[in-house]
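# Structure assessment
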Amino acid sequence: MANSLRPVADPEQDTTPTGLSVMGRARATVDAVAGLSRAALDPAVLAGCAVEAAWMTAHVATWPLGLVGSRASRTGPAYRLEHLPPVQRGLLVSNIEAAGTPILLVHGIVSNRSIFTLLRRGLTRRGFSNVFAMNYSTILTDVRSAAAGLGAEVEQIVAETGFERIHIIGHSLGGLIARYYVTRLGGDARVHTLVTLGTPHTGTYAAYAVPTRLMEQMRPGSGLMRELARPVRGCRTRFISYWSDTDLAIVPQRAAALRHQDLSARNVRLHGAGHLTLPMLGEVVHGISTALAHLDADGSTLRSGVTPLVRDE
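Here's a quick rundown of the structure. (Residues numbered from 1 in each chain as written. Predicted model: local features only at pLDDT ≥ 70, side-chain atom pairs only at ≥ 80, totals over all residues. Heavy atoms only, no water.)

## Here's the deal with the packing of aromatic side chains
Aromatic rings in a pair are described by how distant their centres are and how their planes are angled relative to each other. Scanning the entire structure with this criterion turns up 1 aromatic pair. Between Tyr-205 and Tyr-208, the ring centres sit 6.3 Å apart and the planes meet at 15 degrees, which makes this aromatic pair stacked. The class of Tyr-208 is partly exposed, set by a relative accessible area of 30%. (Phe/Tyr/Trp six-rings, centres within 6.5 Å; stacked < 30°, edge-to-face > 60°. Buried < 20%, exposed > 50% of the residue type's maximum accessible area, 1.4 Å probe, protein only.)

Listed below in structure tokens is the structure:
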């Protein structure tokens, strides 16, 4: 890889205030809350809140299971066809490289790999045979050091599978860690596609609720956010960013869309979906599967009818 997997120290160490004044931050927060209050009358939003509550209960119940094991775990069918359903069999026959390209799932804060239970199952059922999910500490870490750890995990997967490039799907903080690895630590040499789900690409005002170093890095205008906004010329990774207009963890919600002049990114807006619900939505699983199954080496689509990368919702 061109760059070493060492975090680049920001000279300001995230100690500078955000670009907005206290009044400006307060106004932005009030505007976001007001927007959500108006949206609360939308039936789709009400249904989404109910689904979010149900998934939160389910995630709390399965959370201990996600702690089992300490390294990335692999799941998927062997390369035999007769026992596979048509969807799995079709991907293996039409594009065995796409089916075998490793996919690494990276969870968010106050979570573990159990958040990806349905997503992993959905990807495997569609024929992807190297799906990994890792755990990492979200308490005694920051984004930069976690990104270096992610790089080590990627190298281990590359050595184990023989594939030189992989895909990463990151939920919330996991997407931010993966983006730092790709754009600041040379990870674009290893990552073909990075999919982020509810990731605060330009920060979230919700991070002011907890005064920890990690949460300080996720505030708008922090040293980390300024570092991520720097030029990333020649980045080889392509990005897909899912965001929801009713995500209460991301304020304002559009901060979860990725817009950077040097990055090839497609933003997909979802309506009425909660933060925890994003990795569990059928349309997200379908969209990710379609994108990862129909790509050539440079990230362009192979088949007509597949949604182009430049689409921005």
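## A look at the nonpolar core
Leu-104, Val-143, Leu-150, Val-154, Ile-168, Ile-177 and Tyr-181 are the most contacted members of the largest nonpolar core, which has 37 residues in total. At the level of secondary structure, the elements contributing two or more residues to this core comprise strand S2 (103-106), strand S3 (131-134), helix H6 (143-161), strand S4 (166-171), helix H7 (173-184), strand S5 (191-197), helix H8 (213-217) and helix H9 (223-228). Take this core: its biggest share by element is 8 residues, from H6. In this structure Leu-104 touches Phe-132, Ala-133, Met-134, Leu-150, Glu-153, Val-154, Ile-157, Ile-166, His-167, Ile-168 and Ile-169, once residues within four positions along its chain are discounted. (Core = buried A, V, L, I, M, F, W, Y, C linked by side-chain atoms within 4.5 Å. Helix = DSSP H or I, 4+ residues; strand = E, 2+ residues; numbered from the N terminus. Contact = heavy atoms within 4.5 Å.)

## Some remarks on the pattern of salt bridges
Tallied over the entire structure, the rule returns 5 salt bridges. For Glu-227, the salt bridge goes to Arg-144, with nearest N and O atoms at 3.0 Å. Of this pair, Glu-227 sits in helix H9 while Arg-144 sits in helix H6, placing them 83 residues apart in sequence. Relative accessible area serves as the criterion here: at 1%, Glu-227 is assigned to the buried category. Notably, a salt bridge pairs Glu-155 with Arg-190, separated by 2.9 Å at the nearest N-O pair. Remark: Arg-190 occurs in the loop between H7 and S5 and Glu-155 occurs in helix H6; sequence separation between them is 35 residues. The exposure class of Glu-155 is partly exposed, given its relative accessible area of 25%. Under the relative-accessibility criterion, Arg-190 is labelled buried at 17%. (Salt bridge = Lys/Arg side-chain N within 4 Å of Asp/Glu carboxyl O.)

## Concerning the pairing of S4
Within S4, 6 of the 6 residues are buried, which leaves the element mostly enclosed by the surrounding structure. As paired strands, S2 and S4 are joined by 4 bridges and run parallel to one another. By the bridge assignment, Val-106 is partnered in S4 with Gly-170. The pairing of S4 with S5 spans 6 bridges and is parallel. Along S5, the bridge assignment pairs His-167 with Thr-193. (Pairing = 2+ DSSP bridges.)

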